[in-house]
Amino acid sequence: MSRLRSLAVAAAVAAAVLLFALGVPLLNKAVSPTVDVGGEQFALAGVTLTAPEDTRMRPGYYKPESGRAEFLVGDAEVDIAVAGPYGFDAEYLAAEMARLLEVQPGVRLTEPRDCAADGVEGAGRSFTTETGAGFACAFVHGDTRAEVTARGASLDAHTVERIDALIGQLSFGAA
């Protein structure tokens, strides 16, 4: 009887651990809604951005004090990080970003990519991952740098156009 009781306790503990391991991420997704931020203006370390229509954001993913924001465009995530001072050009920053991307497991860099913000030309690279695709764009204006990384399960042409419209809204002031 003692053995049966031990087996029942072990099964209950295993079930609780499994429920916790699987249930928490699902619950987190369910209670982490997104909000439409289309038309809203965001300030990131001296760079402003007005989000195009149908741009969404999870609450808490706008951190102006650290110059970071994460937007959702369709099923793609678009991370923007702005900081300064920075003393190199966009090509050098894009190469730094590419080096950081290529050391991640499952990431394969593909072709260079044209990137443009409001009056500022950037440099970029496309990449693929085990679960999708993405691209990174680097911008430098004065001593301010902006890094944009977009990734998703599938980046169709319409989604890429919408992401480019978001990137095009980055304003470096007197660019």
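Calculation criteria
- Numbering of residues starts from 1 in every chain and runs along the sequence as written.
- Only residues with pLDDT of at least 70 get local features here, since the model is predicted, and only at 80 or more are side-chain atom pairs given and counted; chain-wide, interface and lining totals rely on the full set of residues.
- Computation of side-chain values covers all heavy atoms of the structure but excludes hydrogens and water.
- A run of DSSP states H or I qualifies as a helix once it reaches four residues; a run of E qualifies as a strand once it reaches two. Both are numbered from the N-terminal end.
- For every residue, the accessible area (1.4 Å probe, protein chains only) is compared with the maximum for its type, and the residue is labelled buried under 20%, exposed over 50%, or partly exposed between those bounds.
- Residues are treated as being in contact if the distance between any of their heavy atoms lies within 4.5 Å.
- Accessible surface is estimated by sampling points in the Shrake-Rupley manner with a 1.4 Å probe; for residues, cover comes only from the protein chains shown.
- Residues form patches when they are more than 30% accessible in relative terms and have no salt bridge. Like charges link within 9 Å. Nonpolar side chains (Val, Leu, Ile, Met, Phe, Trp, Tyr) link within 5 Å.
- The term salt bridge refers to a side-chain nitrogen of Lys or Arg lying within 4 Å of a carboxyl oxygen of Asp or Glu.
- Only four residue types enter the charge count: Lys and Arg as positive, Asp and Glu as negative, with His and the chain ends excluded.
- By convention, charge coordinates are those of NZ in Lys, CZ in Arg, CG in Asp, or CD in Glu.
- We define a nonpolar core as any set of buried Ala, Val, Leu, Ile, Met, Phe, Trp, Tyr and Cys residues linked to one another through side-chain atoms lying within 4.5 Å.

### Some details on the overall build of the protein
Phase 1 of the analysis: Helices and strands together make up the secondary structure of the protein, namely three helices and 11 strands.
Phase 2 of the analysis: Residues counted as buried form 35% of the 175 residues belonging to the protein.
Phase 3 of the analysis: Partitioning the intrachain contacts of the protein with sequence separation of at least 6 by distance along the chain shows that 46% fall at a separation of at least 24.
Phase 4 of the analysis: Looking at the protein as shown, the accessible area adds up to about 10200 Å², and 57% of this sits on carbon and sulfur atoms.

### Digging into a negative patch on the surface
Phase 1 of the analysis: A surface patch of like charges, here negative, comprises Asp36, Glu40, Glu53 and Asp54.
Phase 2 of the analysis: Checked against the element boundaries, glutamate 40 lands in the loop between β1 (35–36) and β2 (41–44).
Phase 3 of the analysis: With a relative accessible area of 40%, glutamate 40 lands in the partly exposed category.

### Quick look at the pattern of salt bridges
Phase 1 of the analysis: The final tally for this structure, using the stated rule, is four salt bridges.
Phase 2 of the analysis: Across the pair aspartate 164 and arginine 113 runs a salt bridge whose closest N-O atoms are separated by 2.9 Å. One end of the pair, aspartate 164, is in helix α3 (residues 157–168); the other, arginine 113, is in strand β8 (residues 108–117), with 51 residues separating them in the sequence.
Phase 3 of the analysis: According to the relative accessible area criterion, arginine 113 is buried, its value standing at 15%.
Phase 4 of the analysis: Connected via shared salt-bridge partners are Arg58, Glu70 and Glu77.

### A few points about the nonpolar core
Phase 1 of the analysis: Ranked by internal contacts, the top residues of the largest apolar core, which has 29 residues, are Phe71, Ile80, Phe139 and Leu170.
Phase 2 of the analysis: Of all the secondary structure elements, the ones that give two or more residues to this core are β2, β3 (47–50), β6 (68–73), β7 (76–83), β8, β10 (132–141), β11 (144–152) and α3.
Phase 3 of the analysis: Those residues in contact with phenylalanine 71 that lie beyond four places of it in its chain are Val37, Phe42, Leu49, Thr55, Arg56, Met57, Ala76, Glu77, Val78, Ile80 and Leu166.
Phase 4 of the analysis: Counting 14 residues, the second-largest nonpolar core is a separate cluster that includes Ala94, Leu101, Val107 and Leu109.

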